[in-house]
Amino acid sequence: MDHLVLTVIAQDQPGLVERLAQCVAAHGGNWLESRMSRMAGQFAGILRVAVPPEAHADLSAALQALQAQGIRVLLAPSGTEPAPGWQQIQLELVGNDRPGIVRDITRLLAEHGVNLESLDTDVLPAPMSSELLFHADARLAVPPGLALDQLQQRLETLADDLMVELSLQPAE
């Protein structure tokens, strides 16, 4: 079995995931993992499936045929996983919303070779005021050669500049 990564986007509607699952199963595929969400009336997801090599072309054609139902699917072969020894870290950030927070944090992470494995963000009103707060939860893979205290120091310096609260802890 080979692994494929599918990216899906469509107008949100009941039965959408079932149509994807039916398509994968009909071609001998096995749904392994996925991350899916509805946002602003759109449905987006990424999933990894195992499929027999001889079924790739037919599965690809069937998934592309879903375009007629408004479901866009992009396929790619699985990539390589980070080398063993990378440390998993959870980053949490909260601060007044403003443009550039994600850009500035991800720039610093990239400069240090840190891989952003997942990122969830929201902008919500503060509990006691109408100010908007930016929230981010990220899972990071830190390369073995990078000292965590050095990364923490750089992130804390940036957090002070951005006027956000930031915490790092080992990922569970």
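Residues numbered from 1 in each chain as written. Predicted model: local features only at pLDDT ≥ 70, side-chain atom pairs only at ≥ 80, totals over all residues. Heavy atoms only, no water.

### Some details on the sheet that holds strand S2 (residues 30-39)
As summarised here, the arrangement of the 4 strands in space is S2-S3-S1-S4, forming an open sheet in which the pairing is antiparallel. Every other strand in the sheet has two partners, leaving S2 and strand S4 (71-77) as the edge strands with one partner each. When strand polarity is set aside, the average angle formed by the axes of neighbouring strands in this sheet is 15 degrees. Alignment of strand S1 (residues 2-11) against S4, held across 7 bridges, turns out to be antiparallel. In the strand pairing of S4, Thr7 is matched with Leu74. (Pairing = 2+ DSSP bridges. Helix = DSSP H or I, 4+ residues; strand = E, 2+ residues; numbered from the N terminus. Axes fitted to C-alpha atoms, helices over the stretch in contact; angles between N-to-C directions.)

### Some remarks on the pattern of salt bridges
A complete count under the given rule lists 6 salt bridges for this structure. Here Arg48 and Glu33 are joined by a salt bridge, their closest N and O atoms 2.6 Å apart. Of this pair, Arg48 sits in strand S3 (residues 42-51) while Glu33 sits in strand S2, and the two are 15 residues apart along the sequence. The salt bridge involving Arg103 is made with Asp104; its shortest N-O contact spans 2.9 Å. What makes Arg103 partly exposed here is its relative accessible area of 48%. On the accessibility criterion, Asp104 (14% relative accessible area) is buried. Salt bridges sharing partners connect three or more residues here, namely Arg98, Arg103, Asp104 and Arg107. (Salt bridge = Lys/Arg side-chain N within 4 Å of Asp/Glu carboxyl O. Buried < 20%, exposed > 50% of the residue type's maximum accessible area, 1.4 Å probe, protein only.)

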